[in-house]
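Descriptive structure summary
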Amino acid sequence: MIALGRFATAGSTEVDWIRPVDGTLGVLSGTLVETSRGWRRVEYLDRFSKLYTYDGELRQIVGLQRGSLGNDGSMVVCVPGGKLNVCQDLLLLPDQPILVGSRGGQDGRGKLCLAKHLCGRWGVRAARLPRGTTVFQLAFEEEELIYANTGALIYCPATKMPKRSFFESW
């Protein structure tokens, strides 16, 4: 289940953002993540997959849930390929925290910000949600920053998984 939220972007245009009702974070289908077996689309992960994190360690996924997002004209955030270190367009939920202002997290100067707050900067824009998009919630023993589309660092929560949500457990 989704809800719409009306927010202004950096260009002060109002956008109907898509948001899971319970406010849960998630990674959208088609996103590449760095695993112990190389770069894989998020939809090919399972609970035993290990992903590389910001600190260079491999961390095992301890919770994996998926949910469908309706295509009602709602918007997500698009970080275009070649911007913010991503190899191809990266679609994010508007409230997904992403690390910016850092060289791959190595210089300690980056800050987490919500994806929707990047609209209007670095070519980041609102984009229509593609048909058939699925959202995957990944959880780890501790909160982690994982690599997405080769260069973006996105936030994933610790093991706390929602008790009741639109996500299905895998």
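See the structure shown above.
Structure report, in brief. (Residues numbered from 1 in each chain as written. Predicted model: local features only at pLDDT ≥ 70, side-chain atom pairs only at ≥ 80, totals over all residues. Heavy atoms only, no water.)

Helix and strand counts for the chain stand at zero helices and 17 strands. Looking at the chain as a whole, 45% of its 170 residues qualify as buried. Relative to all contacts within the chain whose residues are 6 or more apart in sequence, the contacts with residues 24 or more apart total 58%. Total accessible area computed for the chain in this model is approximately 8700 Å², and 47% of it derives from carbon and sulfur atoms. (Helix = DSSP H or I, 4+ residues; strand = E, 2+ residues; numbered from the N terminus. Buried < 20%, exposed > 50% of the residue type's maximum accessible area, 1.4 Å probe, protein only. Contact = heavy atoms within 4.5 Å. Areas by Shrake-Rupley, 256 points an atom, 1.4 Å probe, with all protein chains shown as cover.)

Another aspect to go through is empty space enclosed by the protein. By the definition in use, this model includes two cavities of 30 Å³ or more. Residue lining of the second largest cavity: Leu25, Gly26, Val27, Gln96, Phe136, Gln137, Leu138, Tyr155, Cys156 and Pro157, and that is the complete set. Every element with two or more residues in the lining of the second largest cavity is listed here: strand E14 (134-139) and strand E16 (152-156). Among the elements that line the lining of the second largest cavity, the one with the most residues is E14, at three residues. By residue class, the composition of the lining of the second largest cavity is seven nonpolar, three polar and no charged. (1 Å grid on protein atoms, 1.4 Å probe; cavity = no way out; pocket = protein on both sides within 12 Å on 5 of 7 lines; lining within 4 Å. Points joined across faces, edges and corners; volume = space filled by probe spheres on them. Nonpolar A, V, L, I, M, F, W, Y, C, P; charged D, E, K, R; others polar.)

Turning to the nonpolar core, a few remarks are in order. Counting residues in each nonpolar core, the largest one holds 30 residues, and the members touching the most others are Leu92, Ile98 and Leu138. Contributions of two or more residues to this core are made by strand E2 (14-20), strand E9 (75-79), strand E10 (90-92), strand E11 (97-100), E14, strand E15 (144-148) and E16. Aside from chain neighbours lying at most four places away, what touches Ile98 is Leu92, Lys111, Leu112, Cys113, Ala115, Leu118, Ala152, Leu153 and Ile154. (Core = buried A, V, L, I, M, F, W, Y, C linked by side-chain atoms within 4.5 Å.)

Phi is positive for Asn85, which is not a glycine, with a value near 70°. Counting through the fold element by element, Asn85 comes out in the loop between E9 and E10. Judged by relative accessible area, which is 49%, Asn85 ranks as partly exposed. Even without being glycine, Asn149 reaches a positive phi, approximately 50°. Relative to the assigned elements, Asn149 resides in the loop between E15 and E16.

This next bit is on the environment of Gly132. Relative to the elements of secondary structure, Gly132 occurs in the loop between strand E13 (125-128) and E14. On the basis of relative accessibility, which here comes to 64%, the residue Gly132 falls in the exposed class. In this structure the C-alpha to C-alpha distance between Gly132 and Ser68, which are 64 residues apart in sequence, comes to 7.4 Å.

This part is about the side chain of Asn149. On the basis of relative accessible area, Asn149 is assigned to the buried category, the value being 1%. A distance of 3.3 Å separates a polar atom in the side chain of Asn149 from the backbone oxygen of Gln88. Not counting residues within four places of it along the chain, the set of residues in contact with Asn149 comprises Gly30, Thr31, Leu32, Trp39, Asn85, Val86, Cys87, Gln88, Asp89 and Leu90. (Polar contact = N/O pair within 3.5 Å; in protein donor to acceptor, adjacent residues only side chain to side chain.)

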